[in-house]
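Okay, here's what each chain looks like letter by letter:
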Amino acid sequence: MTRRLPLCMMALALVGGLTIAAPALAAPSDAPPVPTQIEGVNRGDVWQAVRTGQTVGVVSIPDKKAAVLIQSEGEAWRALRNGPLSQYGSWVLGGIFAVLALFFLLRGRIRIDGAKTGKTIQRFNAFERAAHWLTAGSFVVLAVSGLNLLYGRFTLLPLLGPQPFATLTHYGKLAHNFLGFAFILGLLLIFLLWVRHNIPERHDLVWFLKAGGLFSKGVHPPARKFNGGQKVIFWSTVVGGGMLAFTGVQLIFPFSFATLAELQLFQLGHAAIAIVMIAIIVAHIYIGSVGMEGAFAAMGDGQVELQWAREHHSLWVEEVTGEKPGHHHSHGTPAE
Ligand code: HEM
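Reading guide: rules and limits
Residues numbered from 1 in each chain as written. Predicted model: local features only at pLDDT ≥ 70, side-chain atom pairs only at ≥ 80, totals over all residues. Heavy atoms only, no water. Donors = N, O, S within 2.8 Å, 3.2 Å for Na, K, Ca; no water. Buried < 20%, exposed > 50% of the residue type's maximum accessible area, 1.4 Å probe, protein only. Helix = DSSP H or I, 4+ residues; strand = E, 2+ residues; numbered from the N terminus. Contact = heavy atoms within 4.5 Å. Salt bridge = Lys/Arg side-chain N within 4 Å of Asp/Glu carboxyl O. Axes fitted to C-alpha atoms, helices over the stretch in contact; angles between N-to-C directions. Parallel < 35°, antiparallel > 145°, perpendicular 65-115°, else oblique. Nonpolar A, V, L, I, M, F, W, Y, C, P; charged D, E, K, R; others polar. Patch = residues over 30% accessible without salt bridge, like charges linked within 9 Å, V, L, I, M, F, W, Y side chains within 5 Å. Areas by Shrake-Rupley, 256 points an atom, 1.4 Å probe, with all protein chains shown as cover.

Novice: Could you clarify how one ought to interpret the coordination of the iron atom of the ligand in this entry?
Specialist: With distances of 2.0 Å, the protein atoms coordinating the iron atom of the ligand are His132 (NE2) and His284 (NE2). Residue classification places His132 among the buried positions, given a relative accessible area of 13%.

Next comes the structure, spelled out in structure tokens:
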């Protein structure tokens, strides 16, 4: 501190000096030259020390962070956030909607291929569905209010005008802060309930090699409770959601656990992971609703059409009903 104090005073003296010197510069006639040295120290060195945070001032208020004159990383953070992060982010988000629209045009809704049986089997119980909708409901509000924090100023503000935008953003931010905890709870429940069904297995490889039959009508590679693609959704949710939770909690309680430089990195990470997660979840929502006949019921009342289950989860049907694949009239058994 003793070494830092005089440097800081010099910096302040310099600011004052420049202010006084400015009018003099305009009339160079008999004005004294602007000093390049202050008490034997080069001015450039002083500013460099301020710029790089080697020199800090002294404050008597409790918040010692206020003694930092310039936090240069802040400029880099802001440029990254409002520049590449926002830009690439909008491409990723626009891209997923374009890909899904194209997929819908080419493949249409994935139908149940075989004849429906009229029988259903239970896929998820009430507790599993509650955990799913707690996670899903909070995630959707978090996604919308979060995107508003990143893009709202450039999109909604010009549309709505300042007052409605400020009100909306205020409540959005409140929702974002509180629902983060609902999402974390849902995430924990989903993890505990389903992790045992999501361990990668050999037949998942076959599923991926056949692209899950997503692009070819009548192709149904065998799967247990969750197929390879769903395991990707599960682990994306757990890992991506976990990282969002970690960085998000840091940002809700700034400086409690992290420094300013760390918080800037966490903010960039939080936004980048959120954008990738939103893109993945938009695809998940598509296939779980309009994209596939019979899928939504699994999370609706928990009962799925038996033929749907045979086609998409043949090994699981075998486990829960004892039915051997191929002993019924459907496409999509391993023998196919
Ligand atoms: C908001 C609209 C959503 C809809 C319509 C939806 C629909 C579904 C459906 C129908 C299933 C069961 C699939 C099956 O029976 O095989 C499911 C499973 C699942 N959902 Fe969602 N979901 C939504 C949002 C979310 C969100 C926001 C998350 C996580 C952040 C999520 C995470 C999961 C996970 C991890 C599974 C199990 C793995 C899988 O089936 O992919 N869901 N969802």
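Novice: Would you take a moment to explain the environment of Leu179 for this structure?
Specialist: Within the secondary structure, Leu179 is located in helix H5 (residues 162-194). Exposure remark for Leu179: the relative accessible area of 26% places this residue in the partly exposed category. Once the C-alpha coordinates of Leu179 and Leu134 are considered, the two residues, 45 residues apart in sequence, prove to be 9.8 Å apart. In contact with Leu179, not counting residues within four places along its chain, are Ser138, Val141 and Leu142.

Novice: What's the story with the environment of Leu315 in this structure? I'm lost.
Specialist: Tracing the chain through its elements places Leu315 in helix H10 (residues 314-321). Each C-alpha atom, one on Leu315 and one on Pro221, is 10.0 Å from the other, the two residues being 94 residues apart in sequence.

Novice: Would you mind showing me how to read the pattern of salt bridges here?
Specialist: Where side chains of opposite charge bring their charged atoms close, a pairing between them can arise. For the structure shown, the criterion picks out ten salt bridges. Put simply, Glu319 and Arg224 hold a salt bridge, and the shortest N to O gap is 2.7 Å. In this pair, Glu319 is assigned in helix H10 and Arg224 in the loop between helix H6 (202-209) and helix H7 (228-252), connecting sequence segments 95 residues apart. When its relative accessible area of 48% is taken as the criterion, Glu319 is described as partly exposed. The class of Arg224 is partly exposed, set by a relative accessible area of 33%. With its nearest N and O atoms 2.7 Å apart, the salt bridge here joins Arg310 to Glu323. Here Arg310 is found in helix H9 (residues 306-312), whereas its partner Glu323 is found in the segment after H10, with 13 residues between them in sequence. Each of Glu201, Asp204, Arg224, Lys231 and Glu319 takes part in a single network of salt bridges with overlapping partners.

Novice: Sorry, what's going on with the packing of helix H3 (residues 73-107) against helix H4 (residues 126-160) here?
Specialist: Any two packed helices are characterised by the angle at which their axes cross and by the distance between the axes. Where H3 contacts H4, the two axes come as close as 12 Å, and the packing angle between them is 110°. By the criterion of interaxial angle, the relationship of H3 to H4 is roughly perpendicular. Of H4, the residues touching H3 (which contributes Arg81, Asn82, Leu85, Ser86, Gly89, Ser90 and Leu93) are Leu147, Leu149, Leu150, Tyr151 and Arg153. Grouping the constituent residues of the contact of H3 with H4 by class yields six nonpolar, four polar and two charged.

Novice: What exactly am I supposed to notice about a nonpolar patch on the surface here?
Specialist: The grouping of Leu102, Leu105 and Leu106 at the surface amounts to a nonpolar patch, some 390 Å² of accessible area in total. Along the chain, Leu105 falls in helix H3. Judged by relative accessible area, Leu105 falls into the exposed class, the value being 70%.

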